[in-house]
Amino acid sequence: MVQTLGITKAITNLEEVREKFHLSQSNDPAFFTEWLEAQDSLSDPEKQSLDRLKNRYFAYVDKGKIAEGTVKIIMLSPLLELMGSCDPRFEIQGEKFVKFEIEAGGGEEEPVLEGYIDALVVRSQVWVVLIESKRNGFSVRQALPQTLAYMMANRNSQNPIFGMIMNGEDYIFIKLDRQLGEYALSKKFTLDNPQSNELYEVVRIMNRLVNLSVPV
């Protein structure tokens with residue numbers, strides 16, 4: 001009988017996800033250039049909205065730790081709205097149930113992995129941007145194994161897919177090519193930068209990645 005496990009229990013570190021899905025991190029600088037190609041400028045009202053989000057985040061932090069559900073309300077939802085990702089050409093699915101099987105190897109029966117993602121921007125069942133929201137205080141890299149596992153459930157394997165891991169304060173983008181069995185990461189963007197608001201770059205990159213996958 002096939003054993004069923006939650007993704008967060010079955011996948012706990014990068015070594016496990018690399019082994020189970022035969023993945024490796026690309027060392028080719030040309031593999032993930034999309035996050036460097038975001039050229040769209042932001043309007044003054046958009047910048048003002050992002051400045052307000054940054055100030056809001058730290059106002060909550062100053063009062064104590066922020067739970068995952070709070071991050072969704074005060075940061076994730078406003079970001080998706082600002083980018084127009086809630087409009088008709090997109091479809092937002094929250095707490096999307098994911099279930100898929102790993103091919104058995106060496107005659108051993110592999111478990112079925114199942115889990116939930118926190119937010120997903122999709123169009124015609126094509127996964128465009130996956131966002132794994134974690135409680136404040138967690139490193140975004142801690143969510144990388146589970147996020148890669150979720151992304152591997154994407155059946156649209158002909159084209160690379162993109163993800164973003166966030167915890168409210170820090171943001172990392174991911175590119176995954178299922179056919180090559182490779183992934184790569186952007187640099188980490190953080191609100192903990194007193195000299196600039198790195199949410200500007202986060203929104204520019206999100207717009208770039210979404211528009212690569214979703215026709216205007």
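Residues numbered from 1 in each chain as written. Predicted model: local features only at pLDDT ≥ 70, side-chain atom pairs only at ≥ 80, totals over all residues. Heavy atoms only, no water.

Q: What exactly am I supposed to notice about helix 5 (residues 144-152) here?
A: An α-helical turn contains 3.6 residues, so a residue and the one three or four places further along point in the same direction. Burial analysis of helix 5 places 9 of its 9 residues in the buried class, the great majority of the element. Every buried residue of helix 5 is listed here: L144, P145, Q146, T147, L148, A149, Y150, M151 and M152. (Buried < 20%, exposed > 50% of the residue type's maximum accessible area, 1.4 Å probe, protein only. Helix = DSSP H or I, 4+ residues; strand = E, 2+ residues; numbered from the N terminus.)

Q: How should the side chain of S26 be read in this particular structure?
A: With respect to the helices and strands, the residue S26 is situated in the loop between strand 2 (24-25) and helix 3 (44-61). If we skip the residues at most four places from it in the chain, S26 touches F31, E182 and Y183. (Contact = heavy atoms within 4.5 Å.)

Q: Which parts of the structure should I look at to understand the pairing of strand 6 (residues 161-166)?
A: Here is the key point about a regular strand: its side chains alternate between the two faces of the sheet. Among the 6 residues of strand 6, 6 are classified as buried, and the element is accordingly described as predominantly covered. The alternating pattern of strand 6 places I161, G163 and I165 on one face and F162, M164 and M166 on the opposite face, and all of these are buried. Pairing of strand 6 with strand 7 (residues 170-177) involves 6 bridges; the strand directions are antiparallel. The partner of F162 across the bridge, within strand 7, is K175. Counting the residues that bridge the hairpin from strand 6 to strand 7 gives 3 residues, and of these G168 lies at a positive phi of roughly 100°. (Pairing = 2+ DSSP bridges.)

Q: Quick question: what am I supposed to make of the nonpolar core here?
A: Looking at soluble globular proteins, one finds that nonpolar side chains tend to be buried together. Counting 31 residues, the largest nonpolar core has L50, M75, Y171, F173, L199 and V202 as the members making the most contacts within it. Of all the secondary-structure elements, those providing two or more residues to this core are helix 3, helix 4 (68-82), strand 6, strand 7 and helix 6 (199-213). Top contributing element to this core by residue count: helix 6, with 7 residues. In this structure, F173 is in contact with F32, G163, M164, A184, L185, S186, F189, V202, I205, M206 and L209, ignoring residues within four places of it in sequence. A10, I161, I165 and I174 belong to the second largest nonpolar core, which has 27 residues in total. (Core = buried A, V, L, I, M, F, W, Y, C linked by side-chain atoms within 4.5 Å.)

Q: Just checking my understanding: could you explain helix 2 (residues 14-21) for this structure?
A: Where helix 2 is concerned, the buried positions are L14, V17 and F21. Down the axis of helix 2, the buried side of the element spans an arc of 65°, and every buried residue falls inside it. Away from its buried face, by an angle of more than 90 degrees, helix 2 presents the exposed residues E15 and E19. Its side-chain oxygen placed 3.1 Å from the backbone nitrogen of E15, N13 serves as the N-cap of helix 2. Just downstream of helix 2 lies H22, where phi reads positive at about 55°. (Arc of directions from axis to C-beta. Polar contact = N/O pair within 3.5 Å; in protein donor to acceptor, adjacent residues only side chain to side chain.)

Q: I tried to follow the pattern of salt bridges on my own but got confused; where do I start?
A: If charged atoms from side chains of opposite charge come close, those side chains can pair. Scanning all chains against the criterion turns up 4 salt bridges. For K175, the salt bridge identified is with E34, shortest N-O distance 2.9 Å. With K175 in strand 7 and E34 in the loop between strand 2 and helix 3, this pair connects stretches of sequence that are 141 residues apart. Between R204 and E201 there is a salt bridge; the shortest N-O distance is 2.4 Å. Remark: E201 and R204 occur in helix 6; sequence separation between them is 3 residues, near one turn of the helix. Taking relative accessible area as the criterion, R204 reaches 15% and is therefore assigned buried. (Salt bridge = Lys/Arg side-chain N within 4 Å of Asp/Glu carboxyl O.)

Q: Which parts of the structure should I look at to understand the pairing of strand 7?
A: Across the 8 residues of strand 7, 8 count as buried, placing the element largely inside the fold. Here strand 7 runs beside strand 9 (residues 189-190); their pairing, made up of 2 bridges, is antiparallel. Residue D170 lies in a different strand from strand 9, and its bridge partner there is T190. As defined by bridge partners, strand 7 adjoins strand 8 (residues 182-185) across 4 bridges and the pair is classed as antiparallel. Residue pairing in the sheet places K175 in a bridge with A184 of strand 8.

All quantities given are derived from atomic positions and should not be read as evidence of function.
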